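Here's the letter readout for the chains.
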Amino acid sequence: MGLEEKLPSGFILSTVEQVAGWARKNSVWPATFGLACCAIELMAAGGPKHDLARFGMERASASPRQADLMIVAGRVSQKMAPILRQIYDQMAEPKWVIAMGVCASSGGMFNNYAIVQGVDHVVPVDIYLPGCPPRPEMLLDAIVKLHDKIQNTKFGVHRERQIEELERRALNPLPLVDDRGAVR
Amino acid sequence: MSEEQNKPQENLPAVNPIELPIARKGMFGVKGTGDTSGYGGLVVRRPPKLSSPRPYGGPDRTGEPGEFDVIADELERALGDGFHDAVERVVVDRGELTFHVKRERLVEVMRHLRDDPALRFELSLGVSGVHYPHETGAELHAVYHLCSITHNRRLRIEVSCPDADPHIPSTVSVYPTHDWHERETYDFFGIIFDGHPALTRIEMPDDWEGHPQRKDYPLGGIPVEYRGASTPAPDQRRSYS
Amino acid sequence: MTALHDETTEGKVYTVNGQDWDELVKQISESSDRHLVVNMGPQHPSTHGVLRLVLTLDGETVVEARPVIGYLHTGIEKNMEYRTWTQGVTFVTRMDYLSPIFNETAYCLAVEKLLGITDRIPERAQVLRVLMMELNRISSHMVAIATFGMELGATSVMIYGFREREMVLDLFEYITGLRMNMAYVRPGGVSMDLPAGAVDKIGEFLKIMPKRVKDMRKVLDENPVYLRRTRDIAYLDLTGCMALGVTGPMLRAAGLPWDLRKAQPYCGYETYDFEVPTETGCDVYSRYLVRMAEVEESLKIIQQALDRLTGPELKGKPVMIEDKKIGWPSKLALGPDGLGNSPDHIAHIMGTSMEALIHHFKLVTEGFRVPAGQAYAAVESPRGELGAHVVSDGGTRPYRVHFRDPSFTNLQAIPATVEGGMVADVISAIASIDPVMGGVDR
């Protein structure tokens with residue numbers, strides 16, 4: 001991305017990671033990508049009772065250029081998928097995606113010709129949020145989890161090392177009982 | 001329906017119920033082996049397509065002349081001798097009146113239904129397509145629901161066309177609201193409404209192949225395509241070993 | 001990046017891809033095209049959902065508007081053909097997601113008509129349906145007005161609307177267990193009775209809500225900015241409404257008191273005392289007034305329904321049809337892991353009666369059969385006449401279900417209402433139609 005990618009591994013890089021992560025996670029600007037039922041719950045989450053402003057997220061960005069989080073709220077149809085991808089491509093790096101609701105995550109109950117069976121066919125997804133539709137509280141939980149992920153994003157050589165580690169684990173899968181998870 | 005089936009029909013040739021097409025075999029919808037219930041021999045046959053006899057009654061009464069007779073009489077008066085040619089069957093079922101109209105006469109019938117002061121079905125509630133693959137020669141049906149605000153009545157018009165020649169005249173000239181409804185029916189069933197101002201797909205993408213709500217179209221299993229790349233449908237992709 | 005353009009049969013097509021706008025403006029000003037075609041949506045903050053509008057502009061005047069839909073097509077109608085009649089409820093509830101109870105009721109009324117059990121639905125179930133429908137009407141109208149405010153830039157209206165809606169949703173959650181998509185109305189009745197304490201909660205709601213509605217009216221009714229944006233905008237008179245099949249608040253704002261609750265009553269609406277509000281302005285403001293008045297009327301109906309539910313005649317009466325085949329699931333109980341079959345029922349089928357177990361198994365896995373035929377049932381949803389055309393071939397699954405959704409039909413009125421007006425008024429025109437794309441595309 002920038003200069004931070006070129007820093008040597010060590011104290012400075014991990015400090016930069018922490019500072020950048022802290023700054024990023026506290027000012028996530030979601031792109032408005034409401035599609036169906038979940039969009040109403042997304043709006044309700046922005047409403048007075050659940051108040052997304054607590055997380056610095058009240059500015060729902062109408063322009064994808066000024067957004068870094070795409071909350072895919074609802075079922076993605078075959079007709080909508082190219083548009084969704086275009087919006088995603090227009091967003092500036094770094095960017096994250098929450099697949100809100102079971103339809104966006106896996107197609108849900110609509111296992112038919114019209115719906116893309118999971119938005120991960122079209123864009124990479126960071127958080128899968130179940131529910132039909134998820135309550136605003138569940139969305140808040142997903143956002144908090146995403147914040148955690150953003151906070152702990154690695155840069156430069158650390159990132160490379162992380163990718164290597166993930167790759168290694170994926171190639172040598174442990175029996176399920178011994179698996180302690182890749183990220184933790 | 002079942003009542004009609006049992007009643008002898010004077011205006012129709014005698015139908016031997018045994019020769020009617022089979023709707024279903026077995027009690028619980030089993031196919032092939034696996035039915036241990038002992039009901040595998042059950043055969044249910046499709047009811048014959050019958051016209052309801054006069055009097056038609058009304059939404060909440062049967063057996064005596066009512067609102068439906070008034071509608072039929074008025075339409076007969078408006079169409080003159082052409083009534084029996086245009087209206088193939090009249091069905092009264094579950095408090096609803098249905099005219100099965102020949103597709104060639106559809107626009108004329110609709111115009112009378114809308115404009116005749118005694119009929120005045122001003123409000124159309126759109127077109128609904130139904131696909132009956134087993135009805136040879138009349139596989140595709142377009143169903144129109146009309147409502148008269150003046151007289152507070154409802155009416156259903158049903159038109160059919162064969163799969164080999166899926167053409168029905170457009171009724172947009174009579175009811176402008178049919179514009180999108182006919183496009184939707186075309187999109188889902190492939191019925192071509194002749195004379196529609198712009199009969200294009202409305203719900204599916206423009207380059208979609210097939211008409212997805214027909215009975216011969218599968219429910220799912222559509223690969224996702226994006227910029228040349230194609231992800232196969234879930235049933236061909238994942239393995240649950 | 002430079003502003004690219006392609007020569008097409010319709011003229012020059014510019015692809016705006018985040019470059020310098022000055023360049024684009026320069027290129028367009030050099031061109032001799034009089035009209036500019038702008039694509040609004042399907043992802044646009046001011047369109048209700050994923051609606052796309054292709055606007056041909058002459059300066060700021062809309063010459064031609066072409067709505068494009070289908071971006072939320074879900075194939076629900078086809079999906080239902082692969083599920084049982086009872087499961088169909090869970091699908092229809094997701095069509096028009098702002099008025100789930102209405103979808104369910106329209107579908108159930110049609111199925112009941114096919115089954116021929118319309119007269120055997122318990123009275124208490126009918127009253128509960130009315131109660132839930134009117135609560136739903138309030139929440140739907142509140143979202144309509146909230147999003148309308150948001151799209152015009154009045155964020156506080158949105159905050160108010162969603163606050164009020166949240167109160168209704170809390171009630172829904174308390175009664176059905178879900179905030180949205182609750183599948184509460186089932187063929188034969190409703191899934192469960194009011195839980196303990198629900199009557200008090202609704203009573204509280206009825207105490208707070210009239211004041212909240214009054215507050216909202218105080219903000220909007222005579223607000224000069226609001227009036228400027230809504231008066232004489234998106235004019236559609238009675239003739240236009242009839243020709244385009246427009247129903248609901250839009251039709252009533254054109255002066256015709258056509259409301260299915262009065263004209264062709266269902267669920268016992270003829271026994272409730274309420275008015276059908278109408279206006280004669282034919283514009284956005286009249287539609288807003290009609291919606292607000294409808295909310296007030298709904299509150300009246302809820303009060304009456306509540307009185308009946310607590311009255312001696314209906315207290316403790318069944319909410320599901322007696323017929324066990326159709327009435328499944330009728331023996332539900334709230335356990336530690338949520339709602340499910342009651343322990344008594346499980347003990348009965350697992351321990352004492354093999355016949356009951358077989359019946360339970362068949363009813364759960366296959367569902368009930370519906371005699372062949374077709375039926376059409378319509379209810380007055382917050383957006384207009386919501387009709388369900390249901391066809392059965394005598395099997396355990398619907399042969400075809402088609403919904404006549406008012407949003408779909410009303411959306412056809414967009415070209416008629418916005419052409420010739422300003423581009424800014426397109427937003428209020430769409431908002432006044434209040435289309436829900438889930439219902440439009442299904």
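Here the structure is a predicted model, which means the values were calculated and not measured. (Residues numbered from 1 in each chain as written. Chains lettered and ligands numbered in written order. Predicted model: local features only at pLDDT ≥ 70, side-chain atom pairs only at ≥ 80, totals over all residues. Heavy atoms only, no water.)

(A) Spotlight on the packing of aromatic side chains. Residues and elements named next belong to chain C. Scanning the model with the defined rule gives 11 aromatic pairs over all chains in all. Between tyrosine 269 and phenylalanine 274, the ring centres sit 6.1 Å apart and the planes meet at 65°, which makes this aromatic pair edge-to-face. Residue phenylalanine 274 is classed as buried on the basis of its relative accessible area of 2%. Clustering of aromatic rings is evident, with ring pairs tying together Phe148, Tyr226, Tyr285 and Tyr288. (Phe/Tyr/Trp six-rings, centres within 6.5 Å; stacked < 30°, edge-to-face > 60°. Buried < 20%, exposed > 50% of the residue type's maximum accessible area, 1.4 Å probe, protein only.)

(B) The interface of chain C and chain B, seen in detail. Across the boundary between the two partners, chain C contributes 46 residues, which contact 50 residues of chain B. Both sides of the chain C and chain B interface together cover about 4100 Å² of buried area, and 53% of this is carbon and sulfur. Among the ionic pairs, Lys215(B) bridges to Glu81(C), the shortest N-O distance being 3.2 Å. At the surface where chain C touches chain B, the tally comes to 27 residue pairs in polar contact (both at pLDDT 80 or more). Ranked by the residues each element gives to the side of chain C that touches chain B, the list is headed by strand E10 (residues 373-381) of chain C, at five residues. The residue makeup of the side of chain C that touches chain B, split by class, is 21 nonpolar, 13 polar and 12 charged. (Contact = heavy atoms within 4.5 Å. Buried area = accessible area lost by both parts, 1.4 Å probe. Salt bridge = Lys/Arg side-chain N within 4 Å of Asp/Glu carboxyl O. Polar contact = N/O pair within 3.5 Å; in protein donor to acceptor, adjacent residues only side chain to side chain. Helix = DSSP H or I, 4+ residues; strand = E, 2+ residues; numbered from the N terminus. Nonpolar A, V, L, I, M, F, W, Y, C, P; charged D, E, K, R; others polar.)

(C) Summary view of the interface of chain C and chain A. Taken together, the contacts link 39 residues of chain C with 33 residues of chain A. For the pair chain C and chain A, the summed buried area comes to about 3100 Å², and 61% of that belongs to carbon and sulfur atoms. Among the residues chain C hides against chain A, the three largest losses belong to Gln43(C), Tyr71(C) and Arg94(C). Together they make up 19% of the total. At the surface where chain C touches chain A, the tally comes to three salt bridges. Between Asp170(C) and Lys49(A) there is a salt bridge; the shortest N-O distance is 2.9 Å. Across the chain C-chain A interface, the total number found is 12 residue pairs in polar contact (both at pLDDT 80 or more). Of all elements in the fold, only helix H2 (76-80), helix H3 (88-92), helix H5 (123-152) and helix H6 (155-176) of chain C reach the threshold of two or more residues within the side of chain C that touches chain A. With nine residues, H6(C) is the single largest residue contributor to the side of chain C that touches chain A. Within the side of chain C that touches chain A, the residues separate by chemical class into 18 nonpolar, 12 polar and nine charged.

(D) Local environment of the packing of helix H4 (residues 100-115) of chain C against H5(C). Residue and element names in this part refer to chain C. Running from N to C, H4 and H5 point in directions that differ by 145°, and their axes come no closer than 8 Å. Counted together, Pro100, Ile101, Phe102, Thr105, Cys108, Leu109 and Glu112 of H4 and Arg129, Met132, Met133, Asn136 and Arg137 of H5 form the full contact between these two elements. Its residues assigned to classes, the contact of H4 with H5 shows seven nonpolar, two polar and three charged. (Axes fitted to C-alpha atoms, helices over the stretch in contact; angles between N-to-C directions.)

(E) Here's a closer look at the confidence of the model for chain A. Here chain A averages 82 in pLDDT, while 91% of its residues score no lower than 70. Per-element averaging of pLDDT across chain A places helix H6 (residues 156-171) of chain A at the bottom with 81 and strand E3 (residues 96-100) of chain A at the top with 91. (pLDDT = per-residue confidence, 0-100.)

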